[in-house]
Amino acid sequence: MNPLKTIQQIGVRWLERLLILLMGLLVLDVLWQVTSRFVIQRPSQWTDELATLLIIWVAMIGASVAFIRGQHLGMDYFMGKCSRSVQDLMERWIHFLVAVFALMILMMGGVRLVTLTLLTEQLSPALGVKMGYVYLAIPLSGLVIFLNALACLFKRSLASSSSSAQTEDKR
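Residues numbered from 1 in each chain as written. Predicted model: local features only at pLDDT ≥ 70, side-chain atom pairs only at ≥ 80, totals over all residues. Heavy atoms only, no water.

1. A closer look at the overall build of the protein
Thought 1: Helix and strand content of the protein: six helices and zero strands.
Thought 2: Counting from the amino terminus, helix and strand elements in the protein follow one another as α-α-α-α-α-α.
Thought 3: The burial tally for the protein puts 29% of its 171 residues in the buried class.
Thought 4: Residue pairs at least 24 apart in sequence account for 69% of intrachain contacts in the protein once pairs closer than 6 positions are excluded.
Thought 5: Total accessible area on the protein stands at roughly 11700 Å², and carbon and sulfur atoms take up 69% of it.
Thought 6: Once the 15 positive and 10 negative side-chain charges of the protein are each reduced to a mean point, those two points are 4 Å apart. (Helix = DSSP H or I, 4+ residues; strand = E, 2+ residues; numbered from the N terminus. Buried < 20%, exposed > 50% of the residue type's maximum accessible area, 1.4 Å probe, protein only. Contact = heavy atoms within 4.5 Å. Areas by Shrake-Rupley, 256 points an atom, 1.4 Å probe, with all protein chains shown as cover. Lys, Arg positive; Asp, Glu negative; His and termini not counted. Charge placed at Lys NZ, Arg CZ, Asp CG, Glu CD.)

2. What about the side chain of Thr-117?
Thought 1: Of note, Thr-117 is situated in helix H4 (residues 84-119).
Thought 2: Under the relative-accessibility criterion, Thr-117 is labelled buried at 5%.
Thought 3: Separated by 3.1 Å, the side chain of Thr-117 and the backbone oxygen of Val-114 make a polar contact.
Thought 4: In this structure, Thr-117 is in contact with Gln-122, Met-131, Gly-132 and Tyr-135, ignoring residues within four places of it in sequence. (Polar contact = N/O pair within 3.5 Å; in protein donor to acceptor, adjacent residues only side chain to side chain.)

Shown next, in the form of structure tokens:
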């Protein structure tokens, strides 16, 4: 089996487990929020903030998993109208652009954001969590997306070079 594919599958499983854990925590947090507000009549001060922090992590990790699975937003309608060679070219171009975005915006910008918020020691008001740790989801997600975009580019390049070699052999 392809070692790159094996590593990717293991990584996806860990990310999915992390998502399940975060979603479970989010559900329990919101249930406690509703219970404390409407049943006990004493709203909890920290549940709203925890839900916000969990949603940030769920969104970023979920985007990574969606990209790995190929379930991210795409332009399937337009791609279906093109020839196979144009589709291959467009897919390589899109993966290149995604890799650049993940590297420049998510990873580099995310690391800068994390560093600045840790240096300024920004804390969340109710929980007292360092906001840099909350924002750490951005560069981590960027890293996963970047690596998978590179893997897709590499795989596409290998596929196109092997199909080109086969075409040359037929001549």
